[in-house]
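Read off the chains here:
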Amino acid sequence: MMDYSHYFNEKRFDIKAQSEAEVCVKNLANWTPAVDEIRTWPEYSPQPLRALPGLAKKLGIGQLFVKDESRRFGPDLGSFKALGAPYAVYEVLAEEVYARTGTRPTSAELRILKYHDITKRVTVCVATDGNQGRGLAYGAKIFGCRCVDYIHNHVSEGRADAMRDLGAVVIRVDGEYELSVTRAKEDARMNGWHFVSSTSWSDFDDDIPQNVMNAYMTVAEEAISMLPSLAGVTHLFVCGGVGSIAAAVFNGFYKHLRLGETKQSGGNNDDESPRFPRFVIVEPSEADCLFQSAKNGEPRESKGTLRTLMAGLACRTPSPAAWKVLNWLASDFVTVPDSVAVDGMRALASGGEGDVPIVIGESSAASVGLLLGGLGEEGMEGMEGAVRGMPVRGELVRGNLGLDESSQVVIFGLEGATDPKIYESLVGVTPQEIFDAQDRVLAGEKWPTYRAGVLCKQISEF
C-alpha cells in the first residue's frame, strides 16, 4: 500500500486569506497581453488536453484529462517554463531598446536581431533545477542577449548540457536550490544583470515575476478552452515547487469560473465555495514546503532532504507571493514518495488502458501515481482512522480528496522528458519511442496493432 500525507486547507476562501492574497491577484489580473503575444510567435501551437477514458474507468472516476506540455516549443524544451522565461526576456529587451531609442520593438524585430547592438549587451540570469534555465537560455538565444544559469548540486549533468546547448553559461553552486538563488541574485545585482524568476517577494509588483506568471497563463487558457465543460470539473491537480504555476493555474480557473457564475446569477450569488473544484497540490515528501506552510498557516521551509527524482520541485521554501494565492485558493496539499511519480510516468507512457500514450516527466506525473495508489482492494476501510496531515494508507486517497464515479479530473502534465536518459532509466523505453507510438494512435491506428503494444508490455515488465 502507498503512504502519502494529506492536508485539507480549512482557510480556503477564508476572508482573511482572500485579503492577504488580494494585492497579488490584482497584480496578476492582466495576463491577456502576454498570452496574445505568445500566440504570435512562430513556434507557438496550443498544446493538447488529452482525454484518458480508459484510465478514468480504471480509477473509478467519470473523466480524466491531462494537459500535455511535453512538446511545448518542441520536445527538447518540453515544459511550461518555455513560456515564462522567454516572454520575460522579450519584455526586458523591449524595455532596453525603448530606453535607448524611444521605439518599442516587436518580438519579430528582436528575432531578426534588428537591435542586436543593444540587446547583445544585456544579460539575463536565473537559478534553476533545469526547466527554467533551459527556457531562459532559449529566450536569450532567439531574442539576442546573453544568459547565465545557476544550478545546484542536485541538477543532472544532462539538464546542464541542455542549457549549454542553447548557449547559456552554466555555473554549478555547491549547495541546494536556495543557495543558487542567492548567488544568482547577488551576481545580477553586482553586474547589472536581470534576474528572471517567477518567485516574488513583493506580491508580484515587480515586472519580471509578473511577466513570467502572466505567460504561464497560456497553459491555463488553453486547458480551459479545450475542456468540454469547465463547470463540470471537480478536481485540478498541479505539482508544487515554489508554488508559482499552481497559483497561476488556480487563479485562472477561479477567475473564469467566477465570471461564468456571475453571468449566470446576475451577480447576486456570493456563496462561492460549493461551486469550485478541489484545487490539489502534489509535492515530493522530501521537498514539501507548500504542505508544511499549509499545516502551519504561514510560509515554512521543508525539513526534507530535497533529494528527489522530482527535480523541478526540489525547493526548500515557497514563493512568498504565490503562497498567499495558494493559501486562499488551494483546497488540498499532498506529499508522495518518488515511487509514486515513477508509477505515474509508466502508466501514462504505456497507454495500457487503450488511451493515447503520453510522455510526462518526473515532476508532473505524481498526480497520476497518487490516483493509482487509491486502487486498494480494501477500498475505504480505515477511513475513520485517518489523521489530517499525517501519513495514511493509499486506499484513503479517494475519500480524502472526494473522488467518486462522477468526478471530472484535470491533471497538469507540465513537463515532458526533461532529461531523456533519466526518463528511459525510469520508464524502460525512450521518450522518442513513446512519441512515435503517440503519433500512431493519433493518426488512427488501433490499439495495440503497432509497436506501442510492445512498449506497453516492456513498461509493465520493467
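Each remark here, short or long, concerns the structure printed above.
Residues numbered from 1 in each chain as written. Predicted model: local features only at pLDDT ≥ 70, side-chain atom pairs only at ≥ 80, totals over all residues. Heavy atoms only, no water.

Considering the pattern of salt bridges
Oppositely charged side chains may form a pair once their charged atoms are brought near each other.
And step 1. On inspection of all chains with the given rule, the structure shows 23 salt bridges.
And step 2. Here Asp203 ties to Lys324 by a salt bridge, and the two come within 2.8 Å at their closest N and O atoms. Placement of the pair is Asp203 in the loop between β7 (194-195) and α10 (207-226) and Lys324 in helix α13 (residues 320-329), with a sequence separation of 121 residues.
And step 3. Within this structure, Lys67, Glu69, Arg72 and Glu222 form a network of salt bridges that share partners. (Salt bridge = Lys/Arg side-chain N within 4 Å of Asp/Glu carboxyl O. Helix = DSSP H or I, 4+ residues; strand = E, 2+ residues; numbered from the N terminus.)

Brief notes about helix α7 (residues 131-143)
And step 1. Under the 1.5 Å per step criterion, the end-to-end length of α7 is 18 Å for 13 residues, consistent within 8% with the ideal 18 Å.
And step 2. Counting buried positions along α7 yields 12 of 13 residues, so the element is predominantly enclosed.
And step 3. Among the residues making up α7, those that are buried are Asn131, Gln132, Gly133, Arg134, Gly135, Leu136, Ala137, Tyr138, Gly139, Ala140, Ile142 and Phe143. (Expected span 1.5 Å × (residues − 1). Buried < 20%, exposed > 50% of the residue type's maximum accessible area, 1.4 Å probe, protein only.)

With respect to the sheet that holds strand β6 (residues 169-172)
And step 1. If you trace the four strands from one edge of the open sheet to the other, you get β6-β5-β4-β7, paired in parallel fashion. Each edge of the open sheet carries a strand with a single partner, namely β6 and β7.
And step 2. In this structure, strand β4 (residues 123-128) lies alongside strand β5 (residues 146-151), joined through six bridges in parallel fashion. Within β5, the residue paired with Thr123 across the bridge is Arg146.
And step 3. Across the sheet, helix α8 (residues 157-165) touches β4, β5 and β6, and the angle it forms with β6 is around 150 degrees. (Pairing = 2+ DSSP bridges. Contact = heavy atoms within 4.5 Å. Axes fitted to C-alpha atoms, helices over the stretch in contact; angles between N-to-C directions.)

Examining empty space enclosed by the protein
And step 1. A full pass over the atoms with the stated rule returns four cavities of 30 Å³ or more.
And step 2. The computed volume of the largest cavity comes to approximately 320 Å³.
And step 3. Lining the largest cavity are 28 residues, with Phe80, Lys81, Asp129, Val242 and Gly312 sitting closest to its centre.
And step 4. Secondary-structure elements contributing two or more residues to the lining of the largest cavity are β4, α7 and α11 (244-265).
And step 5. In terms of residue count, β4 provides more of the lining of the largest cavity than any other element does, three residues in total.
And step 6. By volume, the second largest cavity amounts to about 50 Å³.
And step 7. Along its surface, the second largest cavity is lined by Leu59, Ile61, Leu371, Val397, Arg398 and Leu403.
And step 8. Classifying every residue of the lining of the second largest cavity by side-chain character gives five nonpolar, no polar and one charged. (1 Å grid on protein atoms, 1.4 Å probe; cavity = no way out; pocket = protein on both sides within 12 Å on 5 of 7 lines; lining within 4 Å. Points joined across faces, edges and corners; volume = space filled by probe spheres on them. Nonpolar A, V, L, I, M, F, W, Y, C, P; charged D, E, K, R; others polar.)

Here's the deal with the pairing of β4
A regular strand places its side chains so that they alternate between the two faces of the sheet.
And step 1. Of all six residues that make up β4, six are buried, and the element is covered over most of its length.
And step 2. Taken together, β4, α7 and β5 constitute a β-α-β crossover, and its handedness is right-handed.
And step 3. Bridge count between β4 and β7: two bridges; the pairing is parallel. Bridge pairing in β7 links Val124 to His194. (Right-handed = clockwise from strand over helix to strand, strands pointing away.)

Things to note about the nonpolar core
And step 1. Counting residues in each nonpolar core, the largest one holds 140 residues, and the members touching the most others are Phe250, Phe253, Leu370 and Phe412.
And step 2. Among the elements that make up this core, the one with the highest residue count is helix α4 (residues 81-101) (11 residues).
And step 3. Once residues lying within four places of it in the same chain are set aside, the contact partners of Phe412 are Lys67, Val219, Ala223, Leu236, Phe237, Val238, Val249, Phe253 and Ser364.
And step 4. With 12 residues, the next largest nonpolar core counts Cys125, Val148, Tyr150 and Ala184 among its residues. (Core = buried A, V, L, I, M, F, W, Y, C linked by side-chain atoms within 4.5 Å.)

Looking at the packing of helix α14 (residues 338-350) against helix α17 (residues 420-427)
And step 1. As a packed pair, α14 and α17 sit with axes 9 Å apart at the nearest point and diverge in direction by 85 degrees. Of the possible angle classes, the one that applies to α14 and α17 is roughly perpendicular. Contacts between α14 and α17 involve Val342, Met345, Arg346 and Ala349 on the former and, on the latter, Tyr423, Leu426 and Val427.
And step 2. For the contact of α14 with α17, the residue count by class is six nonpolar, no polar and one charged. (Parallel < 35°, antiparallel > 145°, perpendicular 65-115°, else oblique.)

Description of α14
And step 1. Over its 13 residues, α14 extends 19 Å from the first C-alpha to the last, a length consistent with the 18 Å expected when each residue adds 1.5 Å.
And step 2. Among all positions of α14, only Val340, Ala341, Val342, Gly344, Met345, Leu348, Ala349 and Ser350 are buried.
And step 3. Positive backbone phi, approximately 55 degrees, marks Gly351, located one or two places after α14.

Focus on the side chain of Gln47
And step 1. Its location among the elements puts Gln47 in the loop between α2 (32-38) and β2 (49-51).
And step 2. Residue Gln47 is classed as buried on the basis of its relative accessible area, which comes to 6%.
And step 3. Polar contacts involving the side chain of Gln47 include one to the main-chain carbonyl oxygen of Ser45, which spans 2.8 Å.
And step 4. If sequence neighbours within four positions are ignored, Gln47 has contacts with Lys67, Asp68, Glu69, Arg71, Arg72, Glu222 and Met226. (Polar contact = N/O pair within 3.5 Å; in protein donor to acceptor, adjacent residues only side chain to side chain.)

Focus on the side chain of Ser156
And step 1. Within the fold, Ser156 resides in the loop between β5 and α8.
And step 2. Under the relative-accessibility criterion, Ser156 is labelled buried at 14%.
And step 3. Looking at Ser156, its side chain comes within polar contact range of the main-chain nitrogen of Arg159, at 3.2 Å.
And step 4. In contact with Ser156, not counting residues within four places along its chain, are Arg172, Asp419 and Ile422.

Focus on the pairing of strand β12 (residues 408-413)
And step 1. The buried count for β12 comes to five of six residues, which makes it a mostly enclosed element.
And step 2. Both strand β3 (residues 63-68) and β12 contribute to a ladder of six bridges, which runs parallel. Bridge pairing links Leu64 to Val409 in β12.
And step 3. Of the pairings in the sheet, the one linking strand β8 (residues 235-239) to β12 comprises three bridges and is parallel in character. Following the sheet pairing, Leu236 is matched in β12 by Val410.

A look at the environment of Asp187
And step 1. Structurally, the position occupied by Asp187 is in helix α9 (residues 177-191).
And step 2. For the pair Asp187 and Cys125, spaced 62 residues apart in sequence, the C-alpha to C-alpha distance is 8.9 Å.
And step 3. Once residues within four sequence positions are removed from consideration, Asp187 is found in contact with Tyr150 and Trp193.
And step 4. At 2.5 Å, the side chain of Asp187 forms a polar contact with the side chain of Tyr150.

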